[in-house]
Amino acid sequence: MNGPLLSVQNLTIDYIGEKTDFRAVDNVSFDVGPGEIFGLAGESGCGKSTIAFAISRLHKPPALIRTGSRILLEGRDVLDLDQRALRDFRWREVAMVFQSAMNSLNPVLRIEAQFYDLLRTHQGMTREQARERTAEMLRLVDISPDRMRDYPHQFSGGMRQRIVIAICLAMRPKMVVMDEPTTALDVVVQREILQRINELRRQFGFSVLFITHDLGLMTQVCDRIGIMLSGKLVEQNAAEAIYRTPQHEYTKRLWASFPSLHGSSSIMSEAAS
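Our subject in this report is the structure included herewith. Everything quoted here is computed from the prediction, not taken from an experiment. Every residue gets a number counted from 1 within its own chain, in the order that chain's sequence is written. Per-residue local features of the predicted model are confined to residues with pLDDT of at least 70, and side-chain atom pairs are confined, for both listing and counting, to 80 or more; whole-chain, interface and lining totals are unaffected and use all residues. As a rule here, side-chain values cover all heavy atoms of the structure and leave hydrogens and water aside.

1. Quick notes on the pairing of strand β8 (residues 175-179)
So, point 1. Buried means the residue's accessible area, taken with a 1.4 Å probe over protein chains only, is under 20% of the maximum for its type, while exposed means over 50%, and partly exposed covers the values in between. Secondary structure elements are defined from DSSP: runs of H or I of at least 4 residues count as helices, runs of E of at least 2 residues count as strands, and each element is numbered from the N terminus. Within β8, 5 of the 5 residues are buried, leaving the element largely enclosed by the surrounding structure.
So, point 2. When strand β7 (residues 94-97) meets β8, the two strands line up parallel, connected through 4 bridges. By the bridge assignment, Met96 is partnered in β8 with Val177.
So, point 3. Of the strand pairs in this sheet, β8 and strand β9 (residues 207-212) are connected by 5 bridges, and their pairing is parallel. The residue bridging Val177 from the neighbouring strand is Leu209, located in β9. Following DSSP output, two strands are said to pair if at least two bridges run between them.

Here is the structure:
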């Protein structure tokens, strides 16, 4: 397609209070191209997750999207969709991996049942059809289909994370929003999951909005990166440029906050003594 898959334009979101309002997202604009991984980085509370929820129309009061904001997916404004259209939009066009995704599975339902709920509701699949799709999706994330009748607690954290990603991709969405998808995972499992996400993106051609506070991680997986500060998008550029030639002072300070792998000799001496 020509042009971006997703275009966020002048997005402004307030949290409405009894005495005052808090501006969580302040006039933010960015595009995500077809098949692109676009990252949003910044400290906790800067508005990243609020943007993610707005794109999927999952925001609830007291969050309020202000007039003049636009969220276009292939030219159609998501903010104009009625409830029936939203039902088709979610999962089919945009799917979301939430923070602490590995804990978002229902602990009392088998994995097979959790796929079936989605596939029956949105595609009208029979139980047998859903079972076939479940087996296909589990294979894609390197989990044996023989495990589909297991419960979430029978899987490791990394495996549960991959199952959630498989559920998100079961409807073949055009875009996947990933909000801290590797939180609480060790670095080895984290790398395995990110590599799998990238392989699946190449295979299916979906775009990714990747949200994290870990700028170092983001430069390894994203094509372009936007830097958030206090609700504003203060810088966006190619990942390589964000890493090598950051322009905004806040981006420079983010990089400066990373501890050195090589401590000074004086620090090492004090530690030894």
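2. Re the pattern of salt bridges
Any two side chains of opposite charge can pair, on the condition that their charged atoms come close.
So, point 1. A pair is scored as a salt bridge if a Lys or Arg side-chain nitrogen falls within 4 Å of a carboxyl oxygen belonging to Asp or Glu. All told, the structure shown has 20 salt bridges when counted by the stated rule.
So, point 2. Taking the shortest distance from any N to any O, the salt bridge between Arg196 and Asp142 comes out at 3.3 Å. With Arg196 in helix α6 (residues 187-204) and Asp142 in the loop between α4 (127-140) and α5 (157-169), this pair connects stretches of sequence that are 54 residues apart.
So, point 3. Overall, Asp142 belongs to the exposed group, its relative accessible area being 52%.
So, point 4. Several salt bridges converge on common partners, so that one network encompasses Asp14, Asp21, Arg23 and Arg66.

3. Description of helix α9 (residues 249-256)
So, point 1. Every buried residue belonging to α9 is among Tyr250, Thr251, Leu254 and Trp255, and all of these are buried. For α9, the buried positions fall inside an angular range of 145 degrees around the axis, keeping them on one side. α9 presents Arg253 and Ala256 as exposed residues on the side facing more than 90 degrees away from its buried surface.
So, point 2. Whether two residues are in contact is decided by their heavy atoms: any pair within 4.5 Å suffices. In the core, the buried residues of α9 are packed alongside α7 (215-221), β10 (224-229), β11 (232-238) and α8 (239-244). Within this analysis, the arc is defined by the directions that extend from the helix axis to the C-beta atoms.

4. Let's talk about unusual backbone geometry
Across residues other than glycine, the phi torsion is negative in most instances, and most of the peptide bonds are trans.
So, point 1. The omega torsion of the bond from Pro61 to Pro62 falls at 15 degrees, within 30 degrees of zero and hence cis.
So, point 2. If you trace the backbone, Pro62 turns up in the loop between α1 (48-55) and β4 (63-65).
So, point 3. For Asn27, which is not glycine, the phi dihedral falls at a positive 55 degrees.
So, point 4. Among the structural elements, Asn27 can be located in strand β2 (residues 21-32).

5. Here we look at the side chain of Asn198
So, point 1. Locating Asn198 in the fold gives a position in helix α6.
So, point 2. Under this definition, polar contacts are N or O atom pairs within 3.5 Å; protein pairs additionally need one hydrogen-donor-capable and one acceptor-capable atom, and for neighbouring residues in sequence, both atoms have to be side-chain atoms. Side-chain polar atoms of Asn198 contact the side chain of Arg201, separated by 2.7 Å.

6. What to know about the environment of Arg87
So, point 1. For Arg87, the location among the structural elements is in helix α2 (residues 83-92).
So, point 2. Residues within four places of Arg87 in sequence aside, it is in contact with Thr121 and His122.

The values reported here are purely geometric and, on their own, carry no functional implication.
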